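Notes for the structure review
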Number of protein chains: 2
Amino acid sequence: MEKWVYTFGAGKAEGKATMKDLLGGKGANLAEMCNLGLPVPPGFTITTEVCTYFYNKKHTYPASLKSQVEAGIKKAEKIIGKKFGDNQNPLLFSVRSGARISMPGMMDTVLDLGLNDETVKGLAKASGSEHFAYDSYRRFLQMYSDVVLGIHSDHFEAVLEKIKKRKGYKNDTELTVDDLKEVIKQYKAIGAKFKNPVPQDVHKQLWGAIGAVFGSWMVDRAVTYRKINEIPSDWGTAVNVQSMVFGNSGDNSATGVCFSRNPSTGENIFYGEYLKNAQGEDVVAGIRTPQPMNRAVKKRTGSTLPCLEDEMPKVYKELVKYKDKLEKHYRDMQDMEFTIENGKLWMLQTRTGKRTGAAALKIAVDMVDEKLISQKTAITRVSPAGLDQLLHPTLDPKAAKKKIGMGLPASPGAACGKVVFSAKDAEEWVKRGEKVLLVRLETSPEDIGGMHVAEGIMTARGGMTSHAAVVARGMGTPCVSGVEKMSVDYAKKTFSIAGQQVKQGEFVTIDGSTGEVFLGQVKMSEPSMTGNFGRFMKWVDSTRKLQVWANADTPADAEVARNFGAQGIGLCRTEHMFFAPERILHMRGMILSITTDARKKELAKILPFQRKDFEDIFKVMDGLPVTIRLLDPPLHEFLPHTKKEQEEVAKSLKISLVAIEQRSEQLKEQNPMLGLRGCRLGILYPEIYEMQAKAILEAAVNMQKKGVKVIPEIMIPLVDYTRELEMMKAIVDNTAEQVFAAKGARVKYKVGTMIELPRAALMADEIAKVAEFFSFGTNDLTQTTLGMSRDDAGVFISVYKAKNIFLKDPFASIDTKGVGQLVETAALKSRRVRKNISLGVCGEHGGDPDSISFFNKIGLNYVSCSPYRVPIARLAAAQAVVNK
Amino acid sequence: MEKWVYTFGAGKAEGKATMKDLLGGKGANLAEMCNLGLPVPPGFTITTEVCTYFYNKKHTYPASLKSQVEAGIKKAEKIIGKKFGDNQNPLLFSVRSGARISMPGMMDTVLDLGLNDETVKGLAKASGSEHFAYDSYRRFLQMYSDVVLGIHSDHFEAVLEKIKKRKGYKNDTELTVDDLKEVIKQYKAIGAKFKNPVPQDVHKQLWGAIGAVFGSWMVDRAVTYRKINEIPSDWGTAVNVQSMVFGNSGDNSATGVCFSRNPSTGENIFYGEYLKNAQGEDVVAGIRTPQPMNRAVKKRTGSTLPCLEDEMPKVYKELVKYKDKLEKHYRDMQDMEFTIENGKLWMLQTRTGKRTGAAALKIAVDMVDEKLISQKTAITRVSPAGLDQLLHPTLDPKAAKKKIGMGLPASPGAACGKVVFSAKDAEEWVKRGEKVLLVRLETSPEDIGGMHVAEGIMTARGGMTSHAAVVARGMGTPCVSGVEKMSVDYAKKTFSIAGQQVKQGEFVTIDGSTGEVFLGQVKMSEPSMTGNFGRFMKWVDSTRKLQVWANADTPADAEVARNFGAQGIGLCRTEHMFFAPERILHMRGMILSITTDARKKELAKILPFQRKDFEDIFKVMDGLPVTIRLLDPPLHEFLPHTKKEQEEVAKSLKISLVAIEQRSEQLKEQNPMLGLRGCRLGILYPEIYEMQAKAILEAAVNMQKKGVKVIPEIMIPLVDYTRELEMMKAIVDNTAEQVFAAKGARVKYKVGTMIELPRAALMADEIAKVAEFFSFGTNDLTQTTLGMSRDDAGVFISVYKAKNIFLKDPFASIDTKGVGQLVETAALKSRRVRKNISLGVCGEHGGDPDSISFFNKIGLNYVSCSPYRVPIARLAAAQAVVNK
């Protein structure tokens, strides 16, 4: 007989962690915890093969499934000492999906299964709480009707709202037992009306729920999700049927969440919080402030509430034992859920714990020192986003501060902004250029938008695992949660802490690493790159293959980039250099000139400025390559647009206003992105590129004479045709010979090109015969390959994401299938004709970890990103090697 | 001893036509004429292998070359009875390059080689004209100095100008013998000044010229030309050294150009013209009006000048014999040059004759009937541009006309336009929307731009082979040349013929097929597609593999397309249908609506109009496929742009002006080409595509019920992602089911997509899983692949052509290497997943012969072009098969 059901419970399981394909991720991990001897509520997993059978055989089950499920129920009953459908002390089940790969929110769950008009009485008796039992029954009816029977929750919510309104209740919790019984009666009437009542037979309930979970594998959203994530639909889902345990069975019960190390700082202390006589969602919801796990946590958070270590010392010790076991077993910081039901500890879940960047770094380095993990593994333990947090500023310790309050250090980093009290306000204020601090009693999912744009978040309620805390950590936004003695008046738009009132629009500063709240703006200082950070980045650098260069247009940018570990400048845009007041006039004069000679005259005046810029950049980048792109943007970008500016220019240049207007009109383009720019300018006005080449090469020779090691790489933008590059290279080479002759010295330099048009990528083998390096300009390559203007696509990109046309904005993360295919093809083709060609990326994707992983895979030489992203790119490049 | 030199002359040659690789095109053809027994001025060809030797061995020659050249000279001397360097009756040579493939204007030529201070006297004596001899010497010194010695012609022209000014001459021809001697003296002084005189030793002259021709193989322009045309540089050029003969040796001498059939009509009569006592360039320059070849030509042109048949009957008979021989030998109409020197006929050249479209068609069909060529060969004998001429309108024979003059029928077709007198005016007037007729005394190469934009060309001077005539025929532009009794006053901008004065801006009509000139606008009629045309197109259609469809948006267009032989509609744009006055208001109302419901309401009002359009198109295209593209352009194109229009719309739609302004502003885009358009509209506003699908399918069912065979193909534009197409296909399929249910009848339909973005081409294998057909939108694919906006690229495309970055405007003829690579890849990939997918092209390249040849090569199913291009596309498709 084939095995369709794998049981777990009482310290052993038929499955194990490595059986994810068969049992799904959740089932395999429950089995693993059992095998480790941890107390897991017993249950069983119906395998993914049943799902495949279900779909291949017209929604039927294998013949032997029924008896195996029944045996699974029996086994659970025996272990837990309750009976499924029992009127006295009924065993309830949760029924959950569980695929090989997590598909969050895609499939259905049913809780409290096994309740009916009789068993609810038994539950009331056994738990000692009628309110608990009837509330559970109400919830079960609603959930089951929605998930299994397809009656929308709205029908049930309406009943609830009506009663609450009649009774004048604000919260569901105010409903009395009699209210709940009335609700249940009306819920059943809904079932009758739809001719689809929840079965009283608990076995029918169970099979209904199993069928619903299998059915949810093929609903639209799941099918789409799999298609996009390339998950084969024949993998199927498993179904986990597990005994329910209740942390809300009285004062000897509790439920909690804990971490094997501090998820905020990484410190190796057992961290966590719990609520007595409560259910799991009460902790997450942040409505009651949870108690600290132990004395150490109490001390660090300054909590005055009693801790588990003191309240239930025996259970606490058991929990510590399991925590140690799990961390050692999984070799990573664990995030665990537990429930204490009448003094008995149950482990409900363990998983890798989310953590702040600082914590990730400390844990990774500590675990290497503890010999738990290798350096290579450590590299994968800090996410690029996490590392980003470490690059955030902290409060200057010497700055004067007025501390007005204290909360939990929910997400690290310091932040300062004008106080606003709603997510909507946050978004509006930021749109008009303000920096805001979002202050809420507690946050909920609809606040995401405002949380995203805020400098920092502060809440009056909620613990370290509250919505605000979890979301803020994920975003890398500083957050202080559960600020003590804080009251918020949304109507008046004020908050007060211990008599200190703060109005909307006033500045407040928070420190998410300590939980402190300060009035006004507090001076911040740059993060330090030493200690653990330095050790970690050494491992990173010795692992990665991709070099990391930076995009930097000024000596100051170059300096920052170099400090952050950039190995060169991959993109130095020269156009920004033309905008300084003393230069823009000559630039405009050049553009407004009719003859080549007049243009040359104006260009000659710009040359000394450009040469000075390049000298300074070469100096900063001593010994490292500096890739300078010749003029790229359309000329009209440089012209004055307002009448007033035009008049000024006319006066300065002694030309008529009409001439300026005419030339502006002439240079206007329908689609400037696809117009007269890049090397097309160099073809039409060779004197521009001549001047730039001269400035670069004179600067290079000058600095070399001063002992600087200069490595100039001159980059021609927007090449389509090999001949364009040949012509532009000839200009550079001729200019170089003139400069070298005049200066009596030579420097080595390279001439290469941006690959930023599909044609250039397709013709890479031809272009590489002339180009000494390629730099993929993936911004423009994305615009042209997808036919999407970055300036205009905003209106549909969000819709496209919402409709799952793409998962990620292709301007943020490279479209590997389309744009990436072009980059890969070009890399292959170019190396075929010039084996040692240097290949880099200078688009914004150069700082995006997923894109970096792709560029590593296809074997490019470097990515170039903004200076502040350099450490993140270094890490991403190393992770790409380790994860290969 | 290796053979480096091949002689020809006196009825035999060492080479032949098939030895082009060794002797170059020119050398091989001279040899062939000799072998046919024709009198060719004797000479010899130095092989291309010498050129290769020259470059491989540091500009030296093979040891035995010298003696072989000397033997060649001896042989020529013997045949012609003159001696090279002789003081009494000197033999002069022309020295010309000649590569395997013609590289027009790329390399150098030296004429009259062999003149020096002594031989010039001999030439004067032998020719009986001192003036001729010294003028030849002057020309030789100038040409040799420029080509061989590198002293720019400007230095010599300055001398000439100075003397002419001093003497008050207008033309070079006014120079007396003494003037010429003075000029020669000063020319020699220039040579002395540059320390680089023309050698007096004629053998030194010859070796200098040979070296110069070989050297010209490697000059920049030649290297670039070869690179672009992919001609290997090791092919080398040959050097042709040929005896000079002189048609200007007196009244018993002449020079002429003739055609074996009438190049204008194709009629099988011997055609041509000549000038007595003249040189070849005098005929081409059109300064003297040439005499007709024979009585038949005289009759047809109405010339009153004596003809060769009457003036030199013996020579004429000989010429007729050669003409017959050459046409039979080459099996094509020949264009021959001849010179009569003192009564002796010399054949200087024969080549395939250029001809009008009408002539090409008649000659091809006649030669098939004469069993000279096969039908397949006939297909290659009519160029697509030639066929285009046949599609031009002709004057309505019944129309009232006021004939004011008569000239030569230089290029067929009727044309009408406002008279202008300079190429510059022509270009300017056309730019502002006028149709012009360019009137000139005679035309020259700098008039090309104006000739190109003019409806027709009329000249006072010049024959059938004048510059104006040749160029106009090449362009397919109607032309009447050599209009009798016509005077032109450029200053006053008028012309008059026999007292009738016409001012700039007045309308004139010409008939290039008859030579007639009419005052005012004459009614024209459509060309006939029967007779020879019908027979020829049958051969074409039975040969080609590509289907030819048409782009047609209206029933009228569809009708024209079908009459021209279109096999389907490949692109029916629906957006034009929205612009009719009764519809645009609803379209604007739809765009200005905020809610989906409001949009649907407006769309419902447009639906009946669209349905009616589709019904009419289906009716016309009964039995043929009709590909309808759903809405493509950005919505802002439909909104009113002027204040006045906006006010009107506000009033009609009862919305505020502000709302219209805001929405217009909102919809504005930086790069509309890359913005919210194509299926992106369908994703954001599915109701638009729903309405269109409904209109198409209702129309299809309605017409099918009336017995029309409907084959609707619904095309989704601008797809990037497979999922976009899936979503849009779902809308069409759902709508179809609703329509079919409501109508109680079904029609077959296809859903496919435009491939017009590089990503779509790259992902063709994925997209083809959903698409039932692909239509390559090569206009947009070119814009995105090249990153060039068609609207903006005008300013640099001409520069790019001039600088040889590309040979052809990539919007006119497909960029096969880049854009074509994408199309080919997509075709391959799509057929891999859907073997029978239908692949077509609906961009403008669908009507371009070179592009059609490419599309045939890569195996597409059809091209779709504008209705008037359909016959041309049919021909190009057949030629692609024959030339494969």
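The rules we used
- Residues numbered from 1 in each chain as written.
- Chains lettered and ligands numbered in written order.
- Predicted model: local features only at pLDDT ≥ 70, side-chain atom pairs only at ≥ 80, totals over all residues.
- Heavy atoms only, no water.
- Helix = DSSP H or I, 4+ residues; strand = E, 2+ residues; numbered from the N terminus.
- Buried < 20%, exposed > 50% of the residue type's maximum accessible area, 1.4 Å probe, protein only.
- Contact = heavy atoms within 4.5 Å.
- Areas by Shrake-Rupley, 256 points an atom, 1.4 Å probe, with all protein chains shown as cover.
- Lys, Arg positive; Asp, Glu negative; His and termini not counted.
- Charge placed at Lys NZ, Arg CZ, Asp CG, Glu CD.
- Salt bridge = Lys/Arg side-chain N within 4 Å of Asp/Glu carboxyl O.
- Pairing = 2+ DSSP bridges.
- Axes fitted to C-alpha atoms, helices over the stretch in contact; angles between N-to-C directions.
- Least-squares fit on C-alpha atoms with pLDDT ≥ 70 in both.
- Phe/Tyr/Trp six-rings, centres within 6.5 Å; stacked < 30°, edge-to-face > 60°.
- Arc of directions from axis to C-beta.
- Parallel < 35°, antiparallel > 145°, perpendicular 65-115°, else oblique.
- Nonpolar A, V, L, I, M, F, W, Y, C, P; charged D, E, K, R; others polar.
- pLDDT = per-residue confidence, 0-100.
- Right-handed = clockwise from strand over helix to strand, strands pointing away.

A few points about the overall build of chain A
Helix and strand counts for chain A come out as 35 helices and 34 strands. Taken along the three principal axes of its C-alpha coordinates, chain A extends 100 × 70 × 55 Å. Within chain A, buried positions represent 58% of all 884 residues. When contacts within chain A are restricted to residue pairs at least 6 apart in sequence, those whose partners lie at least 24 apart make up 67%. Working note: accessible area of chain A is about 35900 Å², and carbon and sulfur atoms make up 51% of it. In chain A, the 123 positive side-chain charges and the 103 negative ones have mean positions that sit 3 Å from each other.

Points about the pattern of salt bridges
Scanning all chains against the criterion turns up 105 salt bridges over all chains. Note that E575 of chain A is salt-bridged to R629 of chain A, the shortest N-O span being 2.6 Å. Residue E575 of chain A is found in the loop between β28 (569-573) and α22 (581-592), and its partner R629 of chain A is found in strand β29 (residues 625-629); the two are separated by 54 residues along the sequence. Here E575 of chain A matches R629 of chain A in class, with each residue buried. Among the ionic pairs, R611 of chain B bridges to E698 of chain B, the shortest N-O distance being 2.6 Å. Linking R611 of chain B in helix α23 (residues 596-620) with E698 of chain B in helix α27 (residues 686-705), this pair joins segments that are 87 residues apart in sequence. A relative accessible area of 23% places R611 of chain B in the partly exposed class. Salt bridges sharing partners connect three or more residues here, namely E575, R629, D632, R677 and D780 of chain A.

Side note on the pairing of strand β27 (residues 547-551) of chain B
Residue and element names in this part refer to chain B. Counting buried positions along β27 gives 4 out of 5 residues, so the element sits mostly inside the fold. As judged from the 2 bridges shared by β27 and strand β28 (residues 569-573), these two strands associate in the parallel manner. Paired with A550 across the bridge in β28 is I569.

Details of the sheet that holds strand β25 (residues 516-519) of chain A
Either a parallel or an antiparallel arrangement is found when strands of a sheet pair, and the pairing is made through backbone hydrogen bonds. Residue and element names in this part refer to chain A. Ordered by their spatial adjacency, 8 strands build an open sheet running β15-β25-β24-β17-β18-β19-β20-β16, and the pairing between neighbours is mixed. Across the chains shown, the open sheet's two edge strands, defined by having one partner strand only, are β15 (402-406) and β16 (408-411). The average angle at which neighbouring strand axes cross in this sheet is 35°, direction not considered. One ladder, built from 5 bridges, connects strand β17 (residues 414-420) with strand β24 (residues 507-511); its direction is antiparallel. Directly across from G417, in β24, lies its bridge partner V508. Its contacts with the sheet place helix α17 (residues 423-431) against β17 and β18 (436-440), and it is angled at close to 175° to β18.

So, the relation of the copies chain A and chain B
For these two chains of identical sequence, chain A goes onto chain B by a turn of 179° and a shift of 0.5 Å along the axis, with RMSD 0.4 Å. Given the turn and translation reported, the copies of this chain are related as if by a two-fold rotation axis. Looking at the interface residues of chain A, 100% of them are also at the interface in chain B, so both copies use one shared face.

Details of unusual backbone geometry
All names here are of chain B. Of note in this structure, D112 is not a glycine but carries a positive phi near 60°. Mapping D112 onto the fold places it in strand β7 (residues 109-113). The class for D112 is buried, based on a relative accessible area of 7%. The phi torsion at N277 lies on the positive side, around 45°, for a residue other than glycine. Look at N277 and you get partly exposed, because its relative accessible area is 32%.

Describing the side chain of T784 of chain B
Its place among the elements puts T784 of chain B in helix α31 (residues 778-786). Overall, T784 of chain B belongs to the buried group, its relative accessible area being 0%. Apart from residues lying up to four places away in sequence, T784 of chain B is in contact with P758, T784 and G787 of chain A together with M673, L674, E756, L757 and P758 of chain B.

Let's talk about the sheet that holds strand β2 (residues 12-13) of chain B
Spatially, β2-β1-β3-β8-β6-β7 (chain B) is the arrangement adopted by the 6 strands of the open sheet, whose pairing is antiparallel. The open sheet has two edge strands with one neighbour each: β2 and β7 of chain B.

A few points about the packing of aromatic side chains
The description of two aromatic rings rests on the distance between their centres and on the angle between their planes. Using the criterion set out here, one finds 44 aromatic pairs over all chains in the structure. Taking 6.0 Å as the distance between ring centres and 90° as the angle between the ring planes, the aromatic pair formed by F578 of chain A and F638 of chain A counts as edge-to-face. Here F638 of chain A lies in the loop between β29 and α24 (643-653) and F578 of chain A lies in the loop between β28 and α22, a separation of 60 residues in the sequence. Using a relative accessible area of 0% as the deciding quantity, one classes F638 of chain A as buried. For the ring pair F54 of chain B and Y61 of chain B, a centre distance of 5.4 Å and an interplane angle of 25° mean the geometry is stacked. Clustering of aromatic rings is evident, with ring pairs tying together F54, Y55, Y61, W207 and F214 of chain A.

Notes on α24 of chain A
Each α-helix turn comprises 3.6 residues. Residues three or four places apart therefore point the same way. Residue and element names in this part refer to chain A. If you check which residues of α24 are buried, you get Q646, V649, A650 and L653. One face of α24 carries all of its buried residues, which in axial projection span an arc of 105°. Residues K644 and K651 are exposed on α24 and point more than 90 degrees away from its buried face. Each element contacted by the buried residues of α24 is listed here: α22, α23 (596-620) and α25 (657-667). Immediately beyond the C-terminal end of α24, within one or two residues, lies K654, with a positive phi of roughly 55°.

Quick look at the packing of helix α2 (residues 48-56) of chain B against helix α8 (residues 202-216) of chain B
Residues and elements named next belong to chain B. Axis separation between α2 and α8 bottoms out at 10 Å; the angle between their running directions is 80°. Relative to α8, α2 is oriented roughly perpendicular. The residues of α8 that touch α2, namely those facing V50, C51, F54 and Y55, are G211, F214 and G215. When its residues are assigned to classes, the contact of α2 with α8 shows 5 nonpolar, 2 polar and no charged.

Regarding the interface of chain A and chain B
In many reports, interface size means the accessible area that the parts give up when they come together. Residue-level contacts link 50 residues of chain A with 50 residues of chain B. One salt bridge in this structure joins K817 of chain B and E766 of chain A, with 2.6 Å as the shortest N-O distance. Those elements that provide at least two residues to the side of chain A that touches chain B are α9 (220-229), α26 (679-684), α28 (722-743), α29 (758-762), α31 (778-786), α32 (794-802) and α33 (816-833) of chain A. Here the side of chain A that touches chain B takes 5 residues from α33 of chain A, the largest share from any one element. Among the residues making up the side of chain A that touches chain B, the classes are represented as 23 nonpolar, 12 polar and 15 charged.

A look at the confidence of the model for chain A
Mean pLDDT for chain A: 90, with 98% of residues reaching 70 or above. Predicted complex, confidence summary: ipTM 0.78, pTM 0.79.

Overview of the environment of L372 of chain A
Residue and element names in this part refer to chain A. Structurally, L372 can be placed in the loop between α14 (357-369) and α15 (375-380). Classification of L372 by relative accessible area gives buried; the value is 13%. Residues L372 and P634, spaced 262 residues apart in sequence, show a C-alpha to C-alpha distance of 57 Å. Excluding residues that lie within four positions of it along the chain, L372 makes contacts with R261, E327, K328, R331 and M367.

A short note on the pairing of β17 of chain A
Residues and elements named next belong to chain A. Within β17, 6 of the 7 residues are buried, leaving the element largely enclosed by the surrounding structure. Pairing of β17 with β18, which is carried by 3 bridges, proceeds in the parallel orientation. From the neighbouring strand, V420 faces β18, where its bridge partner is L438. In this fold, β17 hands off to α17, which returns the chain to β18; that crossover is right-handed.

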